[in-house]
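Given next are the chains, with one letter for each unit.
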Amino acid sequence: MQVTVNVQENLPFVQADEKRITQIIFNLFSNAIKYTYEGGRVTVRAFLNQANLLQFEVEDNGVGMSAADQEKLFRPFSRALNPLSEQAGGTGLGLMITKSLIELHGGEIWVESEPGKGSIFRFVLPLEQPESEKPTDATEGETGE
């Protein structure tokens, strides 16, 4: 398996839960590995896009998926049917959780895929969380007294 990582230099810091962002990237990367045949390739990219959002991409040249499978991909217990499904295992919850975590960070995820040609999972995150998600001065340090 050939793995390539392309990260734009001098990316700005993102206000986010580091543990959850790591979980998101790990899930997308491990799915790409699981659904790519031996000798295939996976590329991970991170860059600041034209909308000033941090964009991540995980691309593989694996089994890919149909448009019908893509429509239900982020639903609970949904798994695309392909030649590597049984070998890959899983519950069908990983992408639903991934999508939820991205949305909780004010981001968005989408996929482009074609059977037999592979998939590209892309997600974007704002550099700062929306104001409604930030703690206010009134709630910081409250002791309940």
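Above this text sits the structure in question.
Residues numbered from 1 in each chain as written. Predicted model: local features only at pLDDT ≥ 70, side-chain atom pairs only at ≥ 80, totals over all residues. Heavy atoms only, no water.

Chemist: I tried to follow the packing of helix 1 (residues 18-34) against helix 4 (residues 94-104) on my own but got confused; where do I start?
Modeler: Interaxial distance between helix 1 and helix 4 falls to 10 Å at its minimum, and their mutual angle equals 145 degrees. Handedness of the crossing formed by helix 1 with helix 4: left-handed. Between helix 1 and helix 4, the residues in contact are Arg 20, Gln 23, Ile 24, Asn 27, Leu 28 and Asn 31 and Gly 94, Leu 95, Ile 97, Thr 98, Leu 101 and Ile 102, respectively. Residues of the contact of helix 1 with helix 4, tallied by class, amount to six nonpolar, five polar and one charged. (Axes fitted to C-alpha atoms, helices over the stretch in contact; angles between N-to-C directions. Helix = DSSP H or I, 4+ residues; strand = E, 2+ residues; numbered from the N terminus. Left-handed = near helix turned anticlockwise from the far one by under 90°. Contact = heavy atoms within 4.5 Å. Nonpolar A, V, L, I, M, F, W, Y, C, P; charged D, E, K, R; others polar.)

Chemist: Any chance you could explain the layout of surface pockets here in plain terms?
Modeler: The space that makes up the second largest pocket amounts to roughly 270 Å³. Counting residues per element, the ones that place at least two in the lining of the second largest pocket are strand 1 (2-7), helix 1, strand 2 (41-48) and strand 3 (54-60). (1 Å grid on protein atoms, 1.4 Å probe; cavity = no way out; pocket = protein on both sides within 12 Å on 5 of 7 lines; lining within 4 Å. Points joined across faces, edges and corners; volume = space filled by probe spheres on them.)

Chemist: In this structure, what is going on with the pattern of salt bridges? I would like to understand it.
Modeler: This structure, assessed with the given rule, holds seven salt bridges. One salt bridge in this structure joins Glu 103 and Lys 99, with 3.5 Å as the shortest N-O distance. One end of the pair, Glu 103, and the other, Lys 99, are both in helix 4, four residues apart, so they sit about a helical turn from each other. The partly exposed category is assigned to Glu 103, whose relative accessible area is 46%. In this structure, Glu 114 engages Lys 117 in a salt bridge whose closest nitrogen and oxygen atoms are separated by 3.6 Å. Owing to a relative accessible area of 43%, Glu 114 belongs among the partly exposed residues under this scheme. Through salt bridges with shared partners, a single ionic network connects Arg 45, Glu 57, Glu 59, Glu 112 and Arg 122. (Salt bridge = Lys/Arg side-chain N within 4 Å of Asp/Glu carboxyl O. Buried < 20%, exposed > 50% of the residue type's maximum accessible area, 1.4 Å probe, protein only.)

None of this, on its own, says anything about what the molecule does.
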